[in-house]
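Summary of structural features
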Amino acid sequence: MITPTRMKKVQISGPKSRLDQTIRVLYREGVLDIEEYEGQYDSFEIGVSENQAEAISNVLVKLRSVKDTLPDVEPDSTAELMGINDLQQEIEELHENVETIQDEIEDRRQERDRLETEIKTLKRFRRFDVDIDAIRDYDRLDTYFGTVERSLETDALPDGRYDYYKAGNHILLFVDTTADVQSLLTDAGFEERSLDLVTDLETDIETAISERNDRIEACKDEIADQKDRLETLAEENLPTLEANEEELEEELEKASAPLNFATGEKSFIAEGWVPADKYERLQDVLHDEIDAIHTEENEDPEKTPPVEYENPGPVENFESLTELVSVPRYNELDPTFMLFLTFPLFFGFMIGDAGYGLTSALVFYGGMRMYPSAKPMFKALMMCSFMTLLFGLIFGDAFGYVLFGHHSEVAAVTGLHFLEEIPIIFHRAETEYLPYVLYMAAGIGFAHVNLGLVLDTYREYINHGLVASLIETGGWFTLQIGAATAYLYDPMVGVGVIGLGVLHLGYGEGIEGVVEIPSLLSNMLSYLRLFGVAVAAIFLAKTVNALASPLYAQGTLIGMVGGTLILMIGHTFNTFIKIMEGFLQGIRLHYVELFSQFYEGGGRKYIPFGNDNNEYSR
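Here's a quick rundown of the structure. Here the structure is a predicted model, which means the values were calculated and not measured.

1. Structural notes on the environment of glutamate 271
Tracing the sequence through the fold places glutamate 271 in strand 9 (residues 267–275). For glutamate 271, a relative accessible area of 7% puts it in the buried group. In this structure, the C-alpha to C-alpha distance between glutamate 271 and glutamate 217, residues 54 residues apart in sequence, is 66 Å. One polar contact links glutamate 271 to glutamine 11, side chain to side chain, over a distance of 2.9 Å.

Rendered as structure tokens:
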């Protein structure tokens, strides 16, 4: 669990006539992480993919394109696997149907938008209360219809030679063709609109608006009908598309596998990595099912094995957090277990509110449903929400209100007086308890940094032995023992022990170790951010409550509604702020203060050739 799975480098060779069969067995077993051939063998070249690889790739691209155009629905049909030619024809027919439906939807949307724009124009013109027939008779007048940003200076218009109508920022102006009004319109910020819609009407404005509204409703119905057709197509075809997508992905992976093999005129060589406990089974299967195949271990000290995590279920969810930094290297410890142990504790300690524990859990659950690919990370964060709830009960906080004790605010509001009988361990908002929160943060820092040093010692032990591990990292512990001795027992003795620690570090890690001595204290002090965030969290919640209290105190309906809105909006905002703070500060303490003691990363994740987890795999 703390160290990655032990891997074996293997070499598989055989006659070229058995290449296809070998690939299919390797894919089915799904344990070989194939290593790309780099030209190290004479008379062998990089293999070529099967002829149908390009055809498979083309069909797969078309399939995914069609699949992406279909809505996400619950399928109501069973999956059907098809040959590549039949599948290609089916995809083309489906694409044509989908394209026709989408074109129809787009046409109706454009018509709806056009009609809505026309209705707006007609309603604007209706406000002028002008006879449309009269407009058509203005043969010797120029007509201007549109919007203005400023008032039009009508005093400058020719007397008796214009008609002017205004409604809001819309104007309608009829003026003698000989009058120069362009500068007046420009000064007013005039933007012209077309009157053709109005002058071309064959009926009155009210009837025209009503007819357009009826047509808009018809467009909406037609769009809904086309969407129903699209959903029906999705329900009938998605299972088959998904099943064949997985089948094509498998076939493409198999067809492309020779690109990583070494192939000669009559034989092939494949190399890769297998978990040590699965090597014998792979060897037996290959020898039993394929004639003239040869397998052997091929250890290469210059090659670094890929890393396969070895974590149980709950810990496995935290692997995504480890990989935000880097995959562990093969010869170092996997820090995922440490994230599992302490990251939720830090998160819960900093937020420490039962109410926010529940709301953050809802946020993470929603994220898990919306982003299935990130499900492991959200599961890990759900543990953080549980610890937030637990610390909230310890601190006696729920959305900034005191839960328990004789001064329980929740009991006073709800009448649940049994809450007053439950003691609070300590409440962060009270001055007398603040030192305890500070001491806890400092203690956590001391323990966490030393845990990193212990892990570094263990890493050195498994790689170089006990003596080397004590020489390499023991100086850090000697320094701390010296500091404790100077503070608790005798300063002179303590200084002497500290001197031994410095010499120890210089011997074990060289000058770099001595230079890094101040970092030990700075790393521990960095954990005081736990105190800062924890105290800020409770006061941030209380600020929201303080804003709502005066409104509740009014005792009016408006006051109750206003206070409730402030609480809902404020605590929703706080939920996301606290999630961000808890995550960023908690993960930083692991990545910087803890990981720096024993972890470098830079490994390559174990990705075996083959996949036996597809829903539709046979």
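2. Regarding the packing of helix 1 (residues 19–29) against helix 7 (residues 205–256)
Packing of helix 1 against helix 7 brings their axes to within 10 Å, and their N-to-C directions diverge by 130°. Taken together, the axes of helix 1 and helix 7 lie oblique to each other. When the axes of helix 1 and helix 7 are compared, the crossing they make is right-handed. In contact with Ile23, Arg24 and Tyr27 of helix 1, helix 7 contributes Glu250, Glu251, Glu253 and Lys254. For the contact of helix 1 with helix 7, the per-class residue count stands at two nonpolar, no polar and five charged.

3. What about the pairing of strand 5 (residues 162–167)?
Pairing geometry for strand 5 and strand 6 (residues 170–176), over six bridges, is antiparallel. By the bridge assignment, alanine 167 is partnered in strand 6 with histidine 170. As consecutive antiparallel partners, strand 5 and strand 6 are separated by two residues, and within that stretch glycine 168 has a phi angle of approximately 65°, a positive value.

4. Notes on the environment of glutamate 581
Relative to the assigned elements, glutamate 581 resides in helix 21 (residues 557–598). With a relative accessible area of 28%, glutamate 581 lands in the partly exposed category. Put simply, glutamate 581 and lysine 220 are 361 residues apart on the chain and 46 Å apart in space, counted from C-alpha to C-alpha. Dropping the residues within four chain positions of it, glutamate 581 is found in contact with Val533 and Gly586.

5. Observations concerning the nonpolar core
The biggest cluster of nonpolar side chains holds 45 residues, and the ones touching the most others in it are Phe343 and Leu530. Looking at this core, the elements that each hand over two or more residues are helix 11 (336–351), helix 12 (354–370), helix 13 (375–395), helix 15 (434–464), helix 19 (517–525), helix 20 (529–553) and helix 21. Counting residues per element, this core draws most heavily on helix 11, which supplies ten residues. If we ignore the near neighbours within four places in the chain, the residues touching leucine 530 are Phe346, Phe349, Met350, Ala441, Ile444 and Leu589. Core analysis: the second largest hydrophobic core is formed by 25 residues, Leu19, Val31, Ala257 and Tyr606 among them.

Basis of the calculations
- The residue count restarts for each chain, going from 1 along the sequence in the order it is written.
- Reporting in this predicted model follows two pLDDT cut-offs: at least 70 for local features of residues, and 80 or more for side-chain atom pairs to be given and counted; totals over whole chains, interfaces and linings ignore these cut-offs and use all residues.
- Hydrogen atoms and water are omitted, and side-chain values are computed over all heavy atoms in the structure.
- A helix here means a DSSP run of H or I that spans at least four residues, while a strand means a run of E at least two residues long, and both kinds are numbered starting from the N terminus.
- Remark: exposure states derive from per-residue accessible area (1.4 Å probe, protein chains only) relative to the maximum for the residue type, with buried under 20%, exposed over 50%, and partly exposed in between.
- Within 3.5 Å is the distance limit for a polar contact, defined as a pair of N or O atoms, with the added protein rule that one can donate a hydrogen and the other accept it, and that residues adjacent in sequence qualify only through two side-chain atoms.
- Interaxial angle, 0 to 180 degrees, is taken between N-to-C directions of lines fitted to C-alpha atoms, where a helix line uses only the stretch in contact.
- Each angle is binned into one of four classes, with values under 35 degrees roughly parallel, values over 145 roughly antiparallel, values of 65 to 115 roughly perpendicular, and all other values oblique.
- Handedness of a crossing is defined here by the sense of rotation of the near helix relative to the far one, left-handed for an anticlockwise turn of less than a right angle and right-handed for a clockwise turn.
- We call two residues in contact whenever any of their non-hydrogen atoms come within 4.5 Å of each other.
- Polar here means any residue other than Ala, Val, Leu, Ile, Met, Phe, Trp, Tyr, Cys and Pro, which are nonpolar, and Asp, Glu, Lys and Arg, which are charged; Gly is therefore polar.
- Whether two strands pair depends on DSSP finding at least two bridges between them.
- By nonpolar core we mean a set of buried residues, namely Ala, Val, Leu, Ile, Met, Phe, Trp, Tyr and Cys, connected to one another through side-chain atoms within 4.5 Å.

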